[in-house]
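Okay, here's what each chain looks like letter by letter:
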Amino acid sequence: MNFNMSVFDMIVDMENIKVIFLDIDNTLLDFDACIHQALFAGFKEFGLGEFNEDMFKVFQRINIAMWQSLERGEIDLAELKRRRFNAVFKELGISFDGMEFEKWFRTFIYDCVIPVDGAYELLEALKGKYTLCTASNGPEQQQLHRMELSKMDRYLSFQFVSEALKVSKPSKAFFDKALEIMGGVKPDECLIIGDSLSSDIQGGINAGMKTVFFNKHYETDLKGIKPDYAFNTLEEIKEFLK
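Residues numbered from 1 in each chain as written. Predicted model: local features only at pLDDT ≥ 70, side-chain atom pairs only at ≥ 80, totals over all residues. Heavy atoms only, no water.

(A) Inspection of the overall build of the chain at higher detail. A count of helices and strands for the chain gives 11 helices and six strands. The globule rule puts the C-alpha radius of gyration for 242 residues at 18 Å, and the 18 Å found for the chain is close to it. Its C-alpha atoms put the chain at 55 × 35 × 35 Å along the principal axes. The burial tally for the chain puts 51% of its 242 residues in the buried class. Counting only contacts in the chain whose residues sit at least 6 apart along the sequence, the fraction spanning at least 24 positions is 65%. (Helix = DSSP H or I, 4+ residues; strand = E, 2+ residues; numbered from the N terminus. Rg over C-alpha atoms; globule rule 2.2 N^0.38 Å. Buried < 20%, exposed > 50% of the residue type's maximum accessible area, 1.4 Å probe, protein only. Contact = heavy atoms within 4.5 Å.)

Structure representation (structure tokens):
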């Protein structure tokens, strides 16, 4: 669905776009599916009982809140790792070392690669027409490794990860550093595609880039954040940009 035409009534000049930044988690790779697998397997591994969807909702709420704190600069990645599962287990009434589970969880996630439907087709359609880069908050080696395992790295000219840049999306500094590394690229020549309003879309707005919201959950409350375009599938984004 193109929110630009139906809601925002903006006109975006796409002819000027030379560089496309793509978020990784839940845009190119299905991180939620990997989390599901990791949590079900982890609870079994450590004898914590049967993991269920209500527990997943608790994890998601705490996890999203912590990543939003990281985006605001209130905590860093190391603090997120220290706190996340201890907070989850406390709310679930489970007595277990959150840091031990975090270490196991990250080992599982490190090798988990599940592509989002249409991701390879999108990259294939865009290669050669645009310079393609990833823009991701997270551990550098994990993100680079997962791009390599998925073989999506072959489409990419640059990979920008918050741990390496020492600053996270949506900070303008994240994109300023990325553009500096690329050399000679202006913000208005760039577009970012991502599933997170607070990280990807607000980050693109902060940096002065065009924005495409991958609205796969059909969100209607965009919390005052206005992407230039919004689509519900990567297939729609591919058809728009190719």
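Past the structure itself, the notes keep going.
(B) Just the packing of helix H4 (residues 77–92) against helix H5 (residues 98–110), in detail. It is the contact of H4 with H5, at a shortest axis distance of 8 Å, that shows an interaxial angle of 115 degrees. On the basis of the axis angle, H4 is roughly perpendicular to H5. When you trace H4 past H5, the crossing you get is right-handed. For the pair formed by H4 and H5, the contact residues are Leu77, Leu80, Lys81, Arg82, Arg84, Phe85, Asn86 and Phe89 on the first element and Gly98, Met99, Phe101, Glu102, Phe105 and Arg106 on the second. In terms of residue class, the contact of H4 with H5 is made up of seven nonpolar, two polar and five charged. (Axes fitted to C-alpha atoms, helices over the stretch in contact; angles between N-to-C directions. Parallel < 35°, antiparallel > 145°, perpendicular 65-115°, else oblique. Left-handed = near helix turned anticlockwise from the far one by under 90°. Nonpolar A, V, L, I, M, F, W, Y, C, P; charged D, E, K, R; others polar.)

(C) The arrangement of the packing of aromatic side chains in detail. Here the structure, examined in full by the defined rule, presents 23 aromatic pairs. Relative to phenylalanine 96, the ring of phenylalanine 46 has its centre 5.0 Å away and its plane inclined at 50 degrees; by these criteria the two rings are tilted. Separated by 50 residues along the polypeptide, phenylalanine 46 in the loop between helix H2 (31–45) and helix H3 (53–71) and phenylalanine 96 in the loop between H4 and H5 bring together distant segments of the chain. By relative accessible area, phenylalanine 46 is classed as partly exposed at 21%. Considering the side-chain rings of tyrosine 229 and phenylalanine 240, the 4.4 Å spacing of their centres and the 40 degrees angle between planes classify their relative orientation as tilted. Of the two residues, tyrosine 229 is situated in strand E6 (residues 229–231) and phenylalanine 240 in helix H11 (residues 234–241); the sequence distance between them amounts to 11 residues. (Phe/Tyr/Trp six-rings, centres within 6.5 Å; stacked < 30°, edge-to-face > 60°.)

(D) The arrangement of unusual backbone geometry in detail. Looking along the chain, the bond that leaves lysine 169 and enters proline 170 is cis, with omega of 15 degrees. Within the secondary structure, proline 170 sits in the loop between helix H8 (162–165) and helix H9 (172–182). Despite not being glycine, lysine 151 has its phi angle at roughly 65 degrees, a positive value. Structurally, lysine 151 can be placed in the loop between helix H7 (140–150) and strand E3 (158–161). Lysine 151 gets classed as exposed once you look at its relative accessible area, which sits at 52%.

(E) Representation of the environment of glutamine 68 within the structure. Counting through the fold element by element, glutamine 68 comes out in helix H3. Here the alpha-carbon distance between glutamine 68 and lysine 127, two residues 59 residues apart in the chain, equals 31 Å.

(F) Region of the structure containing the state of the cysteines. For the coordinates displayed, the defined rule picks out one disulfide. With a sulfur-sulfur separation of 2.2 Å, cysteine 34 is cross-linked through a disulfide to cysteine 112. When the S-S torsion is -90 degrees, as for the bridge of cysteine 34 with cysteine 112, the disulfide is left-handed. With a gap of 78 residues between them, cysteine 34 in helix H2 and cysteine 112 in the loop between H5 and helix H6 (119–126) connect regions that are remote in the sequence. We note that cysteine 133 lacks a disulfide partner, and the nearest cysteine sulfur, in cysteine 190, lies 7.7 Å from it. Judged by its relative accessible area of 0%, cysteine 133 falls in the buried class. Judged by its relative accessible area of 0%, cysteine 190 falls in the buried class. (Disulfide = S-S within 2.5 Å.)

(G) Examining the sheet that holds strand E1 (residues 19–22) more closely. Sheet architecture is open: six strands sit in the order E3-E2-E1-E4-E5-E6, paired in parallel fashion. Of all the strands in the sheet, the pair left with one neighbour each is E3 and E6. With direction set aside, neighbouring strand axes in the sheet form an average angle of 20 degrees. With four bridges joining them, E1 and strand E2 (residues 131–136) adopt parallel strand pairing. Residue leucine 22 lies in a different strand from E2, and its bridge partner there is threonine 134. Along the sheet, H7 contacts E2 and E3; its crossing angle with E3, the most-contacted strand, is approximately 145 degrees. Against the sheet, H9 makes contact with E1, E2, E3 and strand E4 (190–194), and its axis sits at roughly 150 degrees relative to E3, the strand it touches most. (Pairing = 2+ DSSP bridges.)

(H) Examining helix H10 (residues 197–207) more closely. When H10 is considered as a whole, its buried residues turn out to be Leu197, Ser199, Asp200, Ile201, Gly203, Gly204 and Ala207. Considering only its buried residues, H10 is in contact with H3, H9, E4 and strand E5 (210–214). Directly beyond the C-terminal end of H10, a positive phi value near 85 degrees is found at glycine 208.

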